[in-house]
Structure formats: structure tokens, C-alpha cells
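Fold and geometry: a report
Chain by chain, the residues run as shown.
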Number of protein chains: 2
Amino acid sequence: MIVVVTPNPAVDVTYRVAEQVVGVTQRVLDVVRRPGGKGVNVARVLAAAGAATTSVLPLGGTSGAWVDTALRQGGLTTAAVPVTGDTRTTVTVVDDLAHPTMYGEPGPVVSADEWTAVTDAVRTAQRHASALVVSGSLPRGTDPGVVRPWVRGAVDAGLLVVADLSGPALLEAAAAGATVCKPNREELLDATGAPDERSGALDLLARGAGLVVVSAGSAGITAHTRDAVVTVPAVPDVHGNPTGAGDAATAGLVLALTTLTTTSGPTNPTTPTGRATTDLAPDVLRRSLVSAAAYGAAAVLRPVAGEVDLDAVDRFTTQLDRTGSPT
Amino acid sequence: MIVVVTPNPAVDVTYRVAEQVVGVTQRVLDVVRRPGGKGVNVARVLAAAGAATTSVLPLGGTSGAWVDTALRQGGLTTAAVPVTGDTRTTVTVVDDLAHPTMYGEPGPVVSADEWTAVTDAVRTAQRHASALVVSGSLPRGTDPGVVRPWVRGAVDAGLLVVADLSGPALLEAAAAGATVCKPNREELLDATGAPDERSGALDLLARGAGLVVVSAGSAGITAHTRDAVVTVPAVPDVHGNPTGAGDAATAGLVLALTTLTTTSGPTNPTTPTGRATTDLAPDVLRRSLVSAAAYGAAAVLRPVAGEVDLDAVDRFTTQLDRTGSPT
């Protein structure tokens, strides 16, 4: 079972209009309302791939209640932590003429006590888990140190921990010994202040991350250890909706790592001290990146974040295995 | 007590952003979420003025539950009729640079059985009521005839019935014998197809309305009977938020008519046959229009629809009494 923490879940609303124009009243032709947040997308892809998951999320207000109900109706197991503030909503307005316009609410202020309750929920959920994923932004005003006990506690319990975070929270996750830090390139450079991807990855590794996996869209996906850099190219000529592709890639990475590291014997990704090792076999690393790239590309084919085309995952995996090669 | 029916209530969300631009992701600086719909605004103004009200509204989904809770927390009495579809949301985006952009969801499809339940709720609520207000749009696909039993039943029970409707529903309310039809000028011309206000008003009177009151913003507010036209000018030099001013005017009209017609003896606005009379004393008519104009102007001074400045109502009433004169 895989525990997925979404620190800042959302109600993602998409409005289709005839033409986006500022300053006028516009009839919404079509409304889609979905639970959102990066971790929610990861959990949905994991579940679609057949993995058992538990989603831990702070939820408040009627919007939060809606997210919980919608996730459960979608077949996910949730461990919702009640919070006082209302869960945020994002509104994306689309037409066939311009880029989408997205309005993102700031999200609730979650109190220290409420974060402690989230930590308790993570601890309870991880008892029967093989992996922990922490994914997405933190609500405004949140001490980035809240991620430390989640990461450290899971690493200490022998779980694979994948942190897809940004800003100071990414640095905290690395320092807490996350098995894998998986930012996109922009988030990596932004969080570390490094001039290039390799320097940024080495920074996170020096802080304590076991492995740094950096997604860079059409430039492919790269794993960094202290001694090695392995890149798998993106699947070429995939067009569609890139929203949520990074989250699907995270799911693909977690699925591969949990499967490959438990079936390939000695390459347990964590040591008894909780410090993640960097001794994953190169083949395991490469196959994990292929899985991430295939899931990411398969998500682009679906119009909605948090969904993948599983046939496309198989197709793209074969394609990448045939044409890609470690660099 | 005054029963207020809102056939198509909403969650009204306002997003403040730095600058509205199409095609980009925008941080929402401030979120305001309020129960909306014209009848909801009318009920809130009536309640602010000290009148007892019962709001009858079809509500569905978590958005509908939120509206019910928010109205009750605001001190209103509600008689919510559960419906299957989700109550609609409107999103208005504002900045300091351009006109607001409003996105209006189409709203739920309400079934015939659900409308029957609304009719039952209206009938129950009106038992101890002196007036019925029906205000706002109908959800998409609704037979405009749904308003008939509400209007007819209340008229037959001797209530003052004010219909602030548009399109075919306005014609239905007139035909059912509404004591007062109160469209704005644009709605009147649109619904009747008449070339001018007086012709449109005569059309509604011929169909069965007892009185037609037409609000026309800064051009004032006019009452039409078969034999008379009475206009009260708008309060001059009032600047602010015009959203909801028409609803406040409806509230001011209802407050005056229920007070003046029950305290001034023989001018009961309805006859035993249910057909509203047009024999309101000219003074009562004029004072009712002054009340409507004063409430409308006082609402403009408040940033939010459904609120009025009661001191301003008194001030404007005095001002209109002094300067205005029947035309």
C-alpha cells in the first residue's frame, strides 16, 4: 500500500466558455468539478494502475467534504484530517481560442495542531505501507518543516519516500532523508538557487536525499546520484494536456521503485539508519525512469489530470525500452 | 411574515486579482463567498429591515448545503427543498483596472417532482404570511408555468404577491394574477416584445397583473395601472455597487405595500376573486415607490448585493419625499 499526502488539496473547477473576454458576463457552457492537488493526481494514477493507496489530506468546509466524498466515490481510500479553514478551489476557464486562465485561491491557514493531526494520520496510515509520497504545495503560511516528521518517520520505518515538493519544503524533505526528491527542473533551480540541474541535484543529495529525479517535460527525465546521471528521453510526439503529467510520472516512478526494489533483492533503497542509499542498480534506476516517462506521456493523452491511458503506458514503455538508452 | 421564493439560488464567489488577463495563472488575493440569487438578496434586505421572512429555495449538492447553512448563519429562516442537481456557482473576477468578469454556471436541472415539492413548500410557508415574493431566473429547461401555482395559490389566499421575474415566467406570473409584476425595463420589453415601457406594462396588466412596477436605474422607478402612471426619480448622485440594487428596491416595495395596505384600511390589494385591484390610493402608490427607490439607492452604497444602509434608506426617503413629485 502506498500512502499519499496532499498538503494543499483543492476543488478543481473547469469552466468552458465560448470566448474568454475580460469585463463581461459569460455563460458557462460546461462545468467539470474534480478533486485536485498534485498528491490527489498521484493517488488517482496509482489506483488506476491497481495499487492500493491511502490519501492523507487536510480537508475543511463544504469544499473539503466534497473532495472527500468525490475521492471515495472514485474508489480511493482517504484519511481526511478535519481542518477549520475551507479547502481551496481553483477555477480554470477554457475556450478553443486562447490559453486557459487559471484562478487559484490561496487555500486555508492550517494550524500547528492541525498539522500535528496530519502527522498522526500519516503515521497511522503508513503502518501497512511500502511507500510514502508527499506531493504538492503547502498552504500559505505553513512552516515548511511540517514535512520533516512525515519524511523522517516513514524513512525510519523502512518505507520508500518520494517527495514532489517545491521551495523550502523540498529542502526540508531532502534534509529529512527522503529516498527520492522529485522536483521538476524549474522547482529544483528555484529551491536550491543552483545555476544548473546537476548542481541543484548535488545540493539536495548533500542535504540528505537518497536520489534526485528531475522531470523536464519534453527534455526527458533524469536521475541524479552522487556518482551518476541517468536520463531517459521523453516519449516523442505526444500531444495533449500536460497538466498532471508530472504527477503521473511520480506515480510511475513510485510503482517501479516499489516493485523493482522489493523483487530485486539487495537493493533496498533505505538503510537501517534511515539514510537512503544511492546504490540502486543502474538497470533498476533506468527502468524506473522509463516507467515515470511512460506514465507521464500516457497522462498527456488524457484530457484530465490524474488519469492515464494504461495501454499507452505499456506501449510507451516498450518504445522507450527499445529506443532510449542511458546517457 | 414574507415568503421569498428563489427558483435558481447560487453560491456567489468573488475573486479579487491584481489584474485580469486571459490565458495566464492568476493568484486570487481575496475570496468572498456568499449565498446568491435575486430572491436571496431580497430576503436579506427584508430581514435587515426587521421583517420576518421564510426563504423557499431548491438546493442540491454540497453547494446547496452551503447556501442553506450560510443563510441560516446569517439569521434567515429557510425552507430548503432538496434537489438532485448541484446548486450553481457564479464566479466574479474583479480588479481595480477593468470591469468585473462574471462566469455563470447554468444551474441544475430541476425535475417536475422537485418543482411540485417547491410548490408544497411555498403553500406551507405562506400559511402565516402576508406576502409572497418570487424573484430571479428559473434554472435552465424549467417550464415557466412552474410559477403559476405559487402566484395563484398565494393570491387566492389573500397574500400580496410580487413577481420579479423575466421572460416567459414574467408573463405566467401576470396571467396568474400577481399583485405586482416588477421587472426592470429591459426585462419588461424583452418579455412582452413591446416597443416601449407603457405598452409593455399594459400588456402585463391585460394578462392579469394588478400593478406593474418598472425599475429603470438612474431613470427612476415607475408604477403603471390601467389608468395611471406614477414615477419617482432615482436618488441623484449615488455611486457604488449597483448589483442587487433592484432586489433591494423590490424589498423596499414589498415592505411599503405590506405596511401601507394593511394600515390604510380599505385598499386591500387583492379582491376575493384573487384578481389584484388597481385601486391603490395614489399616495400609497407613490410612498411605495419612494420606499423602493430609497432601498435601491441605499443598496448601491454597500459593496455587496443583499445589504442596505438603513440610515441611508431614511435619508433618501426624506429626500425623495421632499423633492420628488408624482409625474
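Residues numbered from 1 in each chain as written. Chains lettered and ligands numbered in written order. Predicted model: local features only at pLDDT ≥ 70, side-chain atom pairs only at ≥ 80, totals over all residues. Heavy atoms only, no water.

In the annotation of an unreviewed UniProt entry, chain A is listed under the name Carbohydrate kinase PfkB domain-containing protein and assigned to Curtobacterium herbarum.

1. A look at the interface of chain A and chain B
In this complex, chain A contributes 27 residues to the contact, which on the side of chain B involves 27 residues. Together chain A and chain B conceal approximately 2,300 Å² of surface at their shared face, both sides included; 57% is due to carbon and sulfur atoms. Summed over the shared surface of chain A and chain B, the result is two salt bridges. Here glutamate 105 of chain A makes a salt bridge to arginine 33 of chain B, at a shortest N to O gap of 2.8 Å. Counting across the chain A and chain B interface gives 14 residue pairs in polar contact (both at pLDDT 80 or more). Elements supplying a minimum of two residues to the side of chain A that touches chain B: β3 (25–27), β4 (30–36), α2 (61–73), β7 (88–94) and β8 (101–104) of chain A. (Contact = heavy atoms within 4.5 Å. Buried area = accessible area lost by both parts, 1.4 Å probe. Salt bridge = Lys/Arg side-chain N within 4 Å of Asp/Glu carboxyl O. Polar contact = N/O pair within 3.5 Å; in protein donor to acceptor, adjacent residues only side chain to side chain. Helix = DSSP H or I, 4+ residues; strand = E, 2+ residues; numbered from the N terminus.)

2. A look at the relation of the copies chain A and chain B
Here chain A sits on chain B after a turn of 180 degrees about the axis and a move of 0.0 Å along it, with an RMSD of 0.0 Å. Here the symmetry operator amounts to a two-fold rotation axis. Minimal C-alpha separation from the rotation axis in chain A is found for threonine 62 of chain A, amounting to 3.0 Å. The overlap is high: 100% of the interface residues of chain A also sit at the interface in chain B, so the same surface is used on both sides. (Least-squares fit on C-alpha atoms with pLDDT ≥ 70 in both.)

3. Some words on the nonpolar core
Ranked by size, the top nonpolar core spans 128 residues in total, and within it Tyr103 of chain A together with Tyr103 of chain B carry the most contacts. When neighbours within four sequence positions are excluded, tyrosine 103 of chain B is seen to be in contact with Tyr15, Val17, Gln26, Val28, Val93 and Tyr103 of chain A together with Thr89, Thr90, Val91 and Val93 of chain B. (Core = buried A, V, L, I, M, F, W, Y, C linked by side-chain atoms within 4.5 Å. Buried < 20%, exposed > 50% of the residue type's maximum accessible area, 1.4 Å probe, protein only.)

4. Notes on the pattern of salt bridges
Residue and element names in this part refer to chain B. Following the criterion strictly, the structure yields 28 salt bridges over all chains and no others. Notably, a salt bridge pairs arginine 34 with glutamate 307, separated by 3.3 Å at the nearest N-O pair. Here the residue arginine 34 occupies a position in strand β4 (residues 30–36), and glutamate 307 occupies one in the loop between α9 (282–300) and α10 (310–323), the gap between them amounting to 273 residues. Of the residues examined, arginine 34 reaches a relative accessible area of 21% and is grouped as partly exposed. A salt bridge links glutamate 307 to arginine 302; the shortest N-O distance between them is 3.3 Å.

5. Observations concerning the packing of aromatic side chains
Evaluation of the coordinates by the stated rule reveals four aromatic pairs over all chains. On the basis of an interplanar angle of 45 degrees and a centroid distance of 6.3 Å, the ring pair of tyrosine 103 of chain A and tyrosine 15 of chain B is categorised as tilted. Separated into two different chains, tyrosine 103 of chain A in strand β8 and tyrosine 15 of chain B in strand β2 (residues 10–16) make up a pair that spans both. Both residues of the pair, tyrosine 103 of chain A and tyrosine 15 of chain B, count as buried. Centroid distance tryptophan 115 of chain B to tryptophan 150 of chain B: 5.8 Å. Interplanar angle 50 degrees. Geometry classified as tilted. Of this pair, tryptophan 115 of chain B sits in helix α3 (residues 112–125) while tryptophan 150 of chain B sits in helix α4 (residues 147–156); the two residues are 35 residues apart in sequence, bridging distant segments of the chain. For tryptophan 150 of chain B, a relative accessible area of 1% corresponds to the buried category. Between arginine 315 of chain A and the ring centre of phenylalanine 316 of chain A, over which it is positioned, the NZ or CZ distance is 5.4 Å. (Phe/Tyr/Trp six-rings, centres within 6.5 Å; stacked < 30°, edge-to-face > 60°. Lys NZ or Arg CZ within 6 Å of the ring centre and 35° of its normal.)

6. Let's talk about the packing of helix α4 (residues 147–156) of chain A against helix α5 (residues 167–175) of chain A
Residue and element names in this part refer to chain A. Put simply, α4 and α5 touch, their axes get as near as 8 Å, and they point 30 degrees apart. The angle between α4 and α5 falls in the class roughly parallel. At the point where α4 passes α5, the crossing takes the right-handed sense. Between α4 and α5, the residues in contact are Val147, Arg148, Val151 and Arg152 and Ala169, Glu172, Ala173 and Ala175, respectively. Considering only residue class, the contact of α4 with α5 consists of five nonpolar, no polar and three charged. (Axes fitted to C-alpha atoms, helices over the stretch in contact; angles between N-to-C directions. Parallel < 35°, antiparallel > 145°, perpendicular 65-115°, else oblique. Left-handed = near helix turned anticlockwise from the far one by under 90°. Nonpolar A, V, L, I, M, F, W, Y, C, P; charged D, E, K, R; others polar.)

7. Quick look at the side chain of threonine 258 of chain B
Residues and elements named next belong to chain B. Examined against the element boundaries, threonine 258 turns out to sit in helix α8 (residues 245–263). A polar side-chain atom of threonine 258 sits 3.1 Å from the main-chain carbonyl oxygen of leucine 255. Not counting residues within four places of it along the chain, the set of residues in contact with threonine 258 comprises Ser130, Ala131 and Leu160.

8. Notes on the environment of aspartate 311 of chain B
Residue and element names in this part refer to chain B. Along the chain, aspartate 311 falls in helix α10. Residue classification places aspartate 311 among the exposed positions, given a relative accessible area of 58%. For the pair aspartate 311 and histidine 99, spaced 212 residues apart in the sequence, the C-alpha separation amounts to 29 Å.

9. Quick word on the pairing of strand β5 (residues 53–59) of chain B
Residues and elements named next belong to chain B. Counted residue by residue, β5 has seven buried out of seven residues, so it is predominantly covered. Neither face of β5 is exposed, since Thr53, Ser55, Leu57 and Leu59 on one face and Thr54, Val56 and Pro58 on the opposite face are all buried. Where β5 lies against strand β6 (residues 78–82), five bridges are found, and the strand directions are parallel. Bridging from a neighbouring strand, valine 56 pairs with alanine 79 of β6. (Pairing = 2+ DSSP bridges.)

10. What to know about helix α10 (residues 310–323) of chain A
Residue and element names in this part refer to chain A. Its 14 residues place the ends of α10 20 Å apart at the C-alpha level, agreeing with the 20 Å of an ideal helix rising 1.5 Å per residue. When we look at burial in α10, the residues that qualify are Ala312, Val313, Phe316 and Leu320. Projected down its long axis, α10 shows its buried positions confined to an angular sector of 100 degrees, all on one face. α10 presents Asp311, Asp314 and Arg322 as exposed residues on the side facing more than 90 degrees away from its buried surface. In this structure, the buried residues of α10 make contact with β14 (229–232) and α9 (282–300). For α10, the N-terminal capping position is held by aspartate 309, with its side-chain oxygen 3.1 Å away from the main-chain nitrogen of aspartate 311. (Expected span 1.5 Å × (residues − 1). Arc of directions from axis to C-beta.)

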